[in-house]
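Spelled out, the chains give:
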Amino acid sequence: AQSVTQLDSHVSVSEGTPVLLRCNYSSSYSPSLFWYVQHPNKGLQLLLKYTSAATLVKGINGFEAEFKKSETSFHLTKPSAHMSDAAEYFCVNDMRFGAGTRLTVKP
Amino acid sequence: EPEVTQTPSHQVTQMGQEVILRCVPISNHLYFYWYRQILGQKVEFLVSFYNNEISEKSEIFDDQFSVERPDGSNFTLKIRSTKLEDSAMYFCASSGAGVISYNEQFFGPGTRLTVL
């Protein structure tokens, strides 16, 4: 069965510092991995997806994620956080969502 | 840019009543989904639909739930007899043809269902 575990329920960073949101997956077959972002009172927007063409995936708004099969991980990173990045982030495997990580960005 | 739309944005109903949540997927998409998000909790998969039939459903999607594509554009979720615990945000999504695994799902803005 497909599943994901988001290792942090809440991450707080200062503006301009790197962001790391962690996700581990479990798959009985090749995973279909996505990261979505949900801003307050808004819908879900795709940040990036893993397609097996490349292990390092670049998404929108400067986000990227690296697929590591040996670690069953698909962590989301961004070199420099912006205030507008404050939101809830969901790692998704197939149609199964992780519990979400709330990112807070301090000025 | 094409988008998934959902109506109504907010539905209030009495316990035991039937509700129908409506979605208009992106026009050339072939796969349709319903998810729910109870306040403060994670997004939960309910059901996927392809070629006019359910392709997968979760344990949440019991006999109280049904889905239908009544015409070429709408995709509906019906809850037959609502319970208090059905109160949640319900998201519809659709995805296109091609390799299913890599298909991005486009989400609608959601319908907030409140059961009193």
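The structure contained in this document is the topic of the report that follows. (Residues numbered from 1 in each chain as written. Chains lettered and ligands numbered in written order. Predicted model: local features only at pLDDT ≥ 70, side-chain atom pairs only at ≥ 80, totals over all residues. Heavy atoms only, no water.)

**Description of the overall build of chain A**
Logical step 1: Looking only at helices and strands, one finds zero helices and twelve strands in chain A.
Logical step 2: Secondary structure elements of chain A, listed N to C terminal, follow the sequence β-β-β-β-β-β-β-β-β-β-β-β.
Logical step 3: In terms of overall size, chain A behaves like a compact globule, its C-alpha atoms giving a radius of gyration of 13 Å where 107 residues would be expected to give roughly 13 Å.
Logical step 4: In terms of principal-axis extent, the alpha carbons of chain A reach across some 40 × 25 × 20 Å.
Logical step 5: In chain A, which comprises 107 residues, the proportion classed as buried is 44%.
Logical step 6: Residue pairs at least 24 apart in sequence account for 57% of intrachain contacts in chain A once pairs closer than 6 positions are excluded.
Logical step 7: Total accessible area computed for chain A in this model is approximately 5100 Å², and 52% of it derives from carbon and sulfur atoms.
Logical step 8: Within chain A, the 8 negative side-chain charges are centred at a point lying 3 Å from the centre of the 10 positive side-chain charges. (Helix = DSSP H or I, 4+ residues; strand = E, 2+ residues; numbered from the N terminus. Rg over C-alpha atoms; globule rule 2.2 N^0.38 Å. Buried < 20%, exposed > 50% of the residue type's maximum accessible area, 1.4 Å probe, protein only. Contact = heavy atoms within 4.5 Å. Areas by Shrake-Rupley, 256 points an atom, 1.4 Å probe, with all protein chains shown as cover. Lys, Arg positive; Asp, Glu negative; His and termini not counted. Charge placed at Lys NZ, Arg CZ, Asp CG, Glu CD.)

**Regarding the packing of aromatic side chains**
Logical step 1: Per the stated rule, a full pass over the model turns up 18 aromatic pairs over all chains.
Logical step 2: For the pair Phe-90 of chain A and Phe-97 of chain A, a centre-to-centre distance of 5.8 Å together with 70° between the ring planes defines the contact as edge-to-face.
Logical step 3: Taking the relative accessible area as the measure of exposure, Phe-90 of chain A reaches 1% and is therefore buried.
Logical step 4: Through successive ring pairs, a cluster of aromatic residues spans Phe-34, Tyr-36, Phe-90 and Phe-97 of chain A together with Tyr-33, Tyr-35, Phe-45 and Phe-107 of chain B. (Phe/Tyr/Trp six-rings, centres within 6.5 Å; stacked < 30°, edge-to-face > 60°.)

**Thoughts on the pattern of salt bridges**
Pairing is possible between side chains that carry opposite charge, provided their charged atoms lie close to one another.
Residue and element names in this part refer to chain A.
Logical step 1: Counted under the stated rule, the structure contains five salt bridges over all chains.
Logical step 2: For Lys-78, the salt bridge identified is with Asp-85, shortest N-O distance 2.8 Å. Across the pair, Asp-85 and Lys-78 agree in class, each one buried. (Salt bridge = Lys/Arg side-chain N within 4 Å of Asp/Glu carboxyl O.)

**Considerations on the state of the cysteines**
Logical step 1: By the definition in use, this model includes two disulfides over all chains.
Logical step 2: A sulfur-sulfur separation of 2.0 Å characterises the disulfide bridge that pairs Cys-23 of chain A with Cys-91 of chain A. Linking Cys-23 of chain A and Cys-91 of chain A, the disulfide has an S-S dihedral of approximately -65° and is accordingly described as left-handed. Taken together, the residues span a long stretch of sequence, with Cys-23 of chain A in strand 4 (residues 23-26) and Cys-91 of chain A in strand 10 (residues 87-93) at a distance of 68 residues. Each member of the pair, Cys-23 of chain A as well as Cys-91 of chain A, is classed as buried.
Logical step 3: Two residues share a disulfide in this structure: Cys-23 of chain B and Cys-92 of chain B, whose sulfurs sit 1.9 Å from each other. Measuring the twist about the S-S bond at about -65°, one finds the Cys-23 of chain B-Cys-92 of chain B disulfide to be left-handed. On the criterion of sequence distance, the pair formed by Cys-23 of chain B in strand 3 (residues 19-24) and Cys-92 of chain B in strand 9 (residues 88-95) is long-range, its members being 69 residues apart.
Logical step 4: What makes Cys-92 of chain B buried here is its relative accessible area of 0%. (Disulfide = S-S within 2.5 Å.)

**Quick notes on the sheet that holds strand 7 (residues 65-68) of chain B**
Residues and elements named next belong to chain B.
Logical step 1: Strand order in the open sheet formed by four strands is 1-3-8-7, and the pairing between neighbours is antiparallel. The sheet is open, and its two edges are formed by strand 1 (5-7) and strand 7, each paired on a single side. Averaged over all neighbouring strand pairs, the angle between strand axes comes to 20°, with direction disregarded.
Logical step 2: Bridge count for strand 3 against strand 8 (residues 75-79) is five bridges, and the pairing is antiparallel. Along strand 8, the bridge assignment pairs Val-19 with Ile-79. (Pairing = 2+ DSSP bridges. Axes fitted to C-alpha atoms, helices over the stretch in contact; angles between N-to-C directions.)

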